[in-house]
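Letter by letter, the chains look like this.
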Amino acid sequence: MSNLLQPKSHVILGTVFLIAAFAALPALLSSFLLFQVSLVLTYAMAGLGLNLLLGFSGQVCLAQGAFFACGAYTTAILNTRYGIDPLLTLPISTFVTALVGVAIGLPALRLPGLQLAIVTFGIAAIVPQLILKLGDFTGGVTGLNMDVPVPPTWFFGDQEAWLYYLCAAGAGLCVLVMRRLVRGDTGRTLRALRDNTLIAQSMGIDLTRTRLAVFAISSGFAGLGGGLYAILNGFISPQSFLASKSIDILVGTIIGGASSISGAFIGAVFVVFVPDWASEISPALGALIYGLCLIGMMLLAREGVVGLAIKGVRHLAAARDLQQSKQRSPAPNAAIGEEIRP
Amino acid sequence: MLAVHHLVAGYGSLQVLRGIDFSVEEGSIVALLGSNGAGKTTTLRALAGTIPSKGRVTLNGTDLLGLPAYHRTELGIAHIPQGRGTFVDFTVEENLLLGAITVRSRAQVAMDLDRWYEAFPRLRERRRQPAGTLSGGEQQMLAIARALMSRPRILMCDEPSLGLAPAIIHELFATLERLNEEHGTTMLIVEQNADLTLRIAHKAYVMEAGEITLEGSATELLATPSVQRSYLGA
Amino acid sequence: MVLFLQLILDGLASGAIYGALALALVLIYRATHIVNFGQGEMATFSAYLAWQLCEWGVPVALSLLIVAILSFGLGVGVFWLVVRPIYRAPSATVAVLTLGLFVIFGAVCLWIWGAEQQQFPAIFPDMGWTLGGVRVTANMLGLIATLCVLAIILACVFRFTRFGLAMRASAAEPENSALVGLRVERMLTLGWGLAAVVGFLAAVLIAPHLFLSPSMMVPVLIYALASATLGGWDSPMGAIAGGLMIGVAESLGATFLPFIGAELRLCIPIAVALVVLLACPAGLFGRKAVIRV
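Residues numbered from 1 in each chain as written. Chains lettered and ligands numbered in written order. Predicted model: local features only at pLDDT ≥ 70, side-chain atom pairs only at ≥ 80, totals over all residues.

**Section: the overall build of chain C**
- Helices and strands together make up the secondary structure of chain C, namely eleven helices and two strands.
- Helices and strands appear in chain C in the N-to-C order α-α-α-α-β-β-α-α-α-α-α-α-α.
- Radius of gyration (C-alpha) of chain C: 19 Å, near the 19 Å computed for a compact globule of 293 residues.
- Along the first, second and third principal axes, the C-alpha atoms of chain C reach 60 × 50 × 35 Å.
- Residues classed as buried in chain C amount to 53% of the 293 residues present.
- Looking at chain C alone, contacts between residues at least 24 apart form 74% of all its contacts between residues at least 6 apart. (Helix = DSSP H or I, 4+ residues; strand = E, 2+ residues; numbered from the N terminus. Rg over C-alpha atoms; globule rule 2.2 N^0.38 Å. Buried ≥ 20, exposed ≤ 12 C-beta atoms within 10 Å, placed from the backbone. Contact = placed C-beta atoms within 7 Å.)

**Observations concerning the overall build of chain A**
- Counting its secondary structure elements, chain A contains 14 helices and two strands.
- Relative to the compact-globule value of 20 Å for 342 residues, chain A shows a C-alpha radius of gyration of 22 Å, a close match.
- Judged by the C-alpha coordinates and their principal axes, chain A covers about 80 × 50 × 45 Å.
- For chain A, the share of sequence-separated contacts (at least 6 apart) that also reach a separation of at least 24 residues comes to 78%.

**Here we look at the interface of chain A and chain C**
- Chain A puts 35 residues into the contact, and the matching count from chain C is 35 residues.
- Mapped onto the side of chain A that touches chain C, the elements with two or more residues apiece are helix H5 (113–133), helix H11 (243–256) and helix H13 (286–300) of chain A.
- Residue composition of the side of chain A that touches chain C, by class: 28 nonpolar, four polar and three charged. (Nonpolar A, V, L, I, M, F, W, Y, C, P; charged D, E, K, R; others polar.)

**Focus: the sheet that holds strand S4 (residues 53–59) of chain B**
Residue and element names in this part refer to chain B.
- Overall, antiparallel pairing links the four strands, which are arranged S2-S1-S4-S5 in an open sheet. The open sheet terminates on both sides in strands that have one partner only, identified here as strand S2 (14–24) and strand S5 (62–63).
- Sheet topology places strand S1 (residues 2–11) next to S4; six bridges connect them, and they run antiparallel. Bridging from a neighbouring strand, Val8 pairs with Lys54 of S4.
- Where helix H1 (residues 40–48) meets the sheet, it contacts S1, S2 and S4, and its direction lies at approximately 75 degrees from that of S2. (Pairing = 2+ DSSP bridges. Axes fitted to C-alpha atoms, helices over the stretch in contact; angles between N-to-C directions.)

**Regarding the environment of C:Trp51**
Residues and elements named next belong to chain C.
- Inspection of the secondary structure assignment puts Trp51 in helix H2 (residues 39–55).
- Distance from Trp51 to Leu64, taken between C-alpha atoms, is 8.8 Å for residues 13 residues apart in sequence.
- Contact partners of Trp51, with chain neighbours within four places excluded, come to Gln118, Phe120 and Leu212.

**Thoughts on unusual backbone geometry**
Residues and elements named next belong to chain B.
- With a phi close to 45 degrees, Arg151 is a non-glycine residue in the positive phi region.
- Relative to the helices and strands, Arg151 resides in the loop between helix H6 (136–148) and strand S7 (154–158).
- Arg151 sits in the partly exposed class, given 16 other C-beta atoms within 10 Å.
- You will see that Glu159, though not glycine, has its phi angle at about 50 degrees, which is positive.
- Mapped onto the secondary structure, Glu159 falls in the loop between S7 and helix H7 (166–183).
- Residue classification places Glu159 among the buried residues on the basis of 20 C-beta atoms within 10 Å.

**What to know about the interface of chain C and chain B**
- Across the boundary between the two partners, chain C contributes 13 residues, which contact 19 residues of chain B.
- Those elements that provide at least two residues to the side of chain C that touches chain B are helix H6 (162–172) and helix H7 (174–179) of chain C.
- Tallying contributions element by element places H6(C) first for the side of chain C that touches chain B, with five residues.
- By residue class, the composition of the side of chain C that touches chain B is eight nonpolar, two polar and three charged.

**Brief notes about H1(B)**
Residue and element names in this part refer to chain B.
- Burial runs high along H1: eight of the nine residues are buried.
- Of the positions making up H1, those classed as buried are Lys40, Thr42, Thr43, Leu44, Arg45, Ala46, Leu47 and Ala48.
- Immediately beyond the C-terminal end of H1, within one or two residues, lies Gly49, with a positive phi of roughly 95 degrees.

**A few points about the packing of helix H12 (residues 261–281) of chain A against H13(A)**
Residue and element names in this part refer to chain A.
- Running from N to C, H12 and H13 cross one another at 130 degrees; their axes reach a closest spacing of 7 Å. Classed by the angle they form, the pair H12 and H13 counts as oblique. Considering the relative orientation of H12 and H13, their crossing is right-handed. On H13, the residues touching Val274, Pro275, Ala278, Ser279 and Ile281 of H12 are Gly286, Ile289, Tyr290 and Cys293.
- Residue composition of the contact of H12 with H13, grouped by class: seven nonpolar, two polar and no charged. (Parallel < 35°, antiparallel > 145°, perpendicular 65-115°, else oblique. Left-handed = near helix turned anticlockwise from the far one by under 90°.)

**Things to note about the pairing of strand S6 (residues 77–80) of chain B**
Residues and elements named next belong to chain B.
- Side-chain alternation along S6 places Ile77 and His79 on one buried face and Ala78 and Ile80 on a second face that is also buried.
- Pairing geometry for S6 and S7, over four bridges, is parallel. When the bridges of S7 are listed, His79 appears paired with Met156.

**Examining the pairing of S4(B)**
All names here are of chain B.
- In this sheet, S5 lies alongside S4 in antiparallel orientation, the contact comprising two bridges. When the bridges of S5 are listed, Thr58 appears paired with Asp63.
- Where S4 hands over to S5, the hairpin turn is made up of two residues, of which Asn60 adopts a positive phi near 50 degrees.

**Observations regarding the confidence of the model for chain A**
Residue and element names in this part refer to chain A.
- Confidence in the prediction for chain A averages 81 pLDDT; 91% of positions are at 70 or higher.
- Across chain A, element-level confidence peaks in helix H3 (residues 64–82) with a mean pLDDT of 90 and bottoms out in helix H9 (residues 197–202) with 68.
- Every residue in residues 331–342 is under pLDDT 50, and counting partners more than four places away or in other chains gives 15 contacts. (pLDDT = per-residue confidence, 0-100.)

**Section: the packing of helix H9 (residues 218–231) of chain C against helix H10 (residues 236–256) of chain C**
Residue and element names in this part refer to chain C.
- One way to put it is that H9 packs onto H10 with a least axis distance of 7 Å and a crossing angle of 120 degrees. By the criterion of interaxial angle, the relationship of H9 to H10 is oblique. H9 and H10 meet at a crossing whose hand is right-handed. In this structure, H9 contributes Tyr223, Ala224, Ala226, Ser227, Ala228, Leu230 and Gly231 to the contact, and H10 contributes Gly238, Ala239, Ala241, Gly242, Gly243, Met245 and Ile246.
- When the residues that make up the contact of H9 with H10 are grouped by side-chain class, the tally is nine nonpolar, five polar and no charged.

**Structural notes on the environment of B:Ser28**
Residues and elements named next belong to chain B.
- With respect to the helices and strands, Ser28 occurs in the loop between S2 and strand S3 (29–33).
- Looking at Ser28, the number of C-beta atoms within 10 Å reads 18, which means it is partly exposed.
- Separated by 22 residues in the primary sequence, Ser28 and Thr50 have C-alpha atoms spaced 24 Å apart.
- Beyond its immediate sequence surroundings of up to four residues, Ser28 is in contact with Thr186, His202 and Lys203.

**Section: the nonpolar core**
- Grouped together as the largest cluster of nonpolar side chains are 270 residues, with contacts concentrated most on B:Met156, C:Leu21, C:Leu25, C:Ala47 and C:Ala202.
- Per-element accounting of this core gives the leading share, 17 residues, to helix H8 (residues 184–210) of chain C.
- If sequence neighbours within four positions are ignored, C:Ala47 has contacts with C:Phe120, C:Phe200, C:Ala203, C:Val204, C:Ala207 and C:Leu212. (Core = buried A, V, L, I, M, F, W, Y, C linked by C-beta atoms within 7 Å.)

**Overview of the sheet that holds strand S8 (residues 186–191) of chain B**
All names here are of chain B.
- Pairing within the open sheet is mixed, and its six strands lie in the order S6-S7-S8-S3-S9-S10. Looking at strand neighbours, the two that pair on one side only are S6 and strand S10 (211–217), the edges of this open sheet. On average, each strand axis in the sheet is inclined to that of its neighbour by 15 degrees, with strand direction left out of account.
- In this sheet, S8 lies alongside S7 in parallel orientation, the contact comprising five bridges. Paired with Leu155 across the two strands is Met187, which belongs to S8.
- Sheet strands in contact with H6 are S6 and S7, and its direction is about 165 degrees off that of S6.

Written as structure tokens, this is what we have:
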């Protein structure tokens, strides 16, 4: 039997280590790097939402950037116009974005996959224009400046660290919700809908309601990420929410691995750091290098980084099993396990 | 004409054929029988080149090993898969023309089109209909005609009777027999329906679990008690 | 009334461009079930090549011919090197791959030729007539005529030639096509080459008007995506019709719906596409796949 099924103690130990590592980061990283990591966390939240839609329910939505913007602007507007404390705006942003998600989902989800992708992409492309058009509300091209939440007196670190912990908390919340959804009954329903819609429906799964619920949760995640993004930056403008935002989130999700929770984080790291590294290597060719990375990643790792890792582990485990079985029976039958290669 | 020696094939790490040997004489009908999972379809796929295989397969002396599917079709292997390989959104006539897509001479294509419309008048009636709207039996006729448009050396049919009503099946096998008698078309027919197949075949093989367990002339096998028990419901 | 006709004519002219790029997208989609997000940038790259040849003194017509052939090669090369290993992968993976193409070709154009806008030589003579108050330019007529000719040629090739039949079959039923002896991958490669030439054509038609720049085709891509969606992704004629419809809708909408104005122009194709899709989910000319249970 392969050793992929690790005993529970290992999992617990691993999780504890991970949490400790996350908690200790502010002490280890420079202010700017910490800021970038917080940025990664906000993107990861949007990415988790997309994972939920794409990886687990099989629906391609390219409007995550639009929901991200919705969350960000809701938070910013509530804070600048109505003076609401930034942290209190977050639940409202999440909820409002989820509502917007449902509103878009109602007509959009009736469309087949390709058409859904294109319509949602169109929506993402419109967002900056819409923000400009509603300039009275949104501050138009000049953007909105937000109050940055001051860390409470009992907090031992500086502002950067406080913001980081906020983002980490938000991301952690999303991960918990996602884990609960993905395991158990809801997860099975989602996967059934993804793998075979006809059969799932004939078994009584309410297609529309489930899909809408997933859409709402997914956009909620993006809304929370967007709100935190606004708080983190202290300033937002239409420029921050071009269609490329949605593309970045999609790219991150696929590169990390569309049906994995950790994939969302890995992908967000890629999307935040690689373009910068690429332009450091060569300012003129930065974009070219980024594009080559995208293509290279897809050619090498179709299921994303996490998928590649899983395959790698499986290969190692299978090799180890073969080794062990060879040691036990010294005269193996050559026909067993012989793979037919073209 | 077709000689198969120690054919090994499978899907990934799942090995299905464990090294089978058989041959098909020119102008004869050979039946390949066996129950579900015996490896009959895998055999045809390996011969057609749609799945990788090992072993020696020669068609009139030409070694087929490593050749891709389209090349084998050009050499004269016509494979009608389970499900008939119909181009559902294309018209009957387009289906037939696709069968002859590798034929260079337009005159030959036109001549063959007429010939097969003669042999299958129902196809001519429906020549402009989308092939997906034809009944199962008609699609099977279309599949045979389409395969014959390329003037193949050997026609390989995978379970032609699948999903057809008994009366249609009789008509189908009668057609196959007629084709063989009038045109000398060599055939390799894979079937679960042993009875009808053995009645039109000259030679037959029985497969079980990826190996050939019985071979002989069709009349011999019809009389064999084990075959009668397992496949003829006797 | 005169304004109405003028707007329609203007809309048809710009719609011809959207339709042309949409056609390229649909050709690739029919062949390989891929939406090539990099189609516009590949076309821009080819347009730059043509412009460069003209700058070096090569006559315009000859430049266009040479680069048309080069674009075919570009399409074939991209398919063979980058797409072929992966075109059976999940569609999201392939989408990211084509986004990579989008980024790469845009970056190459920027790197080689810089960001300033360039003047592309006009294809059609600078003439115009006023008929009953409506201004008609040679350029407009040229665009619409080119699109019609393209549509007719493709329709004839696909419907009446063996080659067209082979291409349609390879795209629709690759497994069955292999069984009748078609070299499916060769057909797909040709499809990509052909689509690249059509994309190049679209870029060349719009470049004189929009000025050549690395991001010239980006908005056109969005309109083209909407057009292809509207027309139905498995219908080349649908793509062209969709493009024309969206061109006209945008032209009329921007003028008659004041709240849209310049900022929300992009809303129109999306809204139109969405409305049509709600009635016909597969697009106006798309075929609803019959799912046999």
